[in-house]
Amino acid sequence: MRMIRLPVQMHFEVLTLFPEIFKSFLSESLICKALEKQIFSIGFYNFREHGLGKHHKVDDLPYGGGPGMVLRPEPVIHAIESCQKRLETNYSSVGKVLLTPQGERFSQKTAGRLLDQYPAIMLICGRYEGFDERIRTQVDEEISGGDFITLGGEVIAMLMIEVISRLIPGVLGNQSSLEQESFAEGYLEYPQYTRPETFRGMTVPDVLLSGHHQNIHEWRQDQIRLRTLKRRPDLLH
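In this text, all values refer to a predicted model and were calculated from it rather than measured experimentally. (Residues numbered from 1 in each chain as written. Predicted model: local features only at pLDDT ≥ 70, side-chain atom pairs only at ≥ 80, totals over all residues. Heavy atoms only, no water.)

Enquirer: Looking at this model, I keep getting lost on the sheet that holds strand β7 (residues 141-144). Mind explaining?
Expert: Each strand in a sheet pairs with its neighbour through backbone hydrogen bonds, running either in the same direction (parallel) or in the opposite one (antiparallel). In spatial order, the strands read β2-β1-β6-β5-β7; together these five strands make up an open sheet with parallel pairing. Two strands in the sheet have a free side with no partner beyond their single neighbour: β2 (41-45) and β7. Along the sheet, successive strands turn relative to each other by an average axial angle of 30 degrees, direction set aside. Examined bridge by bridge, strand β5 (residues 94-105) and β7 share five bridges and lie parallel to one another. Among the inter-strand pairings, L99 is bridged to a residue of β7, identified as I143. Strands in contact with helix α3 (residues 73-87) are β1 (11-15), β2, β5 and β6 (120-125); relative to β1, the strand with the most contacts, it is inclined by about 160 degrees. (Pairing = 2+ DSSP bridges. Helix = DSSP H or I, 4+ residues; strand = E, 2+ residues; numbered from the N terminus. Axes fitted to C-alpha atoms, helices over the stretch in contact; angles between N-to-C directions. Contact = heavy atoms within 4.5 Å.)

Enquirer: Which parts of the structure should I look at to understand unusual backbone geometry?
Expert: R195 connects to P196 through a cis peptide bond whose omega is 5 degrees. Looking at where P196 falls in the secondary structure, it is placed in the loop between α5 (154-165) and β8 (198-199). Its identity is not glycine, yet R200 carries a phi of approximately 50 degrees, on the positive side. In this structure, R200 sits in the loop between β8 and β9 (202-203). Residue R200 is classed as exposed on the basis of its relative accessible area of 75%. (Buried < 20%, exposed > 50% of the residue type's maximum accessible area, 1.4 Å probe, protein only.)

Enquirer: Would you explain the pairing of β6 in this entry?
Expert: On any regular strand, side chains alternate: one points to one face of the sheet, the next to the other face. For β6, the buried fraction is high: six of the six residues fall into the buried class. Across the two faces of β6 the burial is the same, with A120, M122 and I124 and I121, L123 and C125 all buried. Here β1 pairs with β6 via five bridges, running parallel. Pairing of F12 across the sheet is with I121, part of β6. Where β5 and β6 come together, six bridges link them in parallel fashion. Within β6, the residue paired with V94 across the bridge is A120.

Enquirer: Help me understand helix α4 (residues 108-117) in this model?
Expert: Residue pairs three or four apart in sequence face the same way in an α-helix, which turns once every 3.6 residues. Here α4 has its buried residues at T110, A111, G112 and L114. Taken together, the buried residues of α4 touch β5, β6, β7 and α5.

Enquirer: Honestly, the pattern of salt bridges in this entry has me stumped. Any pointers?
Expert: Close approach of charged atoms allows side chains with opposite charge to pair. As enumerated under the stated definition, the model contains 15 salt bridges in all. D59 is the partner of K57 in a salt bridge, and the nearest nitrogen-oxygen pair spans 3.7 Å. The partly exposed category is assigned to K57, whose relative accessible area is 34%. For the salt bridge of E133 with R136, the shortest nitrogen-to-oxygen distance reads 3.0 Å. (Salt bridge = Lys/Arg side-chain N within 4 Å of Asp/Glu carboxyl O.)

Take a look at the structure:
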């Protein structure tokens, strides 16, 4: 499974044993439209292509014992080197990102930094019990989706692609919405309402119906502070 259109202003290369997982993700909504418009591109590389032996083996038992299997260094590192060599012919910089629970926690700030720093990003998805430690020496960054464990890095790769790509001009229908959403300035977004004006006894705040733009702006700023203080006080620090 490959979806490579080079060069464009932003490219993601996903290294994974299971590229078919991404089919539905890439065929729906704004991601699909952005790919069709070639606003950014996505490629896939199965590091089983560099697997060992007749069965293209990519994992083995851990030294010292323990449960599960560990990804061997040869297939993954050879895949990283092959992708880097190809991408560097089209892009000035390629960021090699290992997706691991031991990495930096992914955030909106991280997404913006990655977009500014790398015109091409390689997302290396783990499986089983993780990576051989020597693979870490070949990457630029290690990133975690959060303080939890998934079956593999693919869902984290999807998350990162969606968060980063929507920052690229042209992906969102209304780019100004980026400036007013949660975490745009490091805080949570204010409450939003639409029709009907009353539903099951719950009403829209009067200030939003007033048409007084300054009062609405001040109410929203107050709500941003109150909501952040109540739900994510850590952001205020």
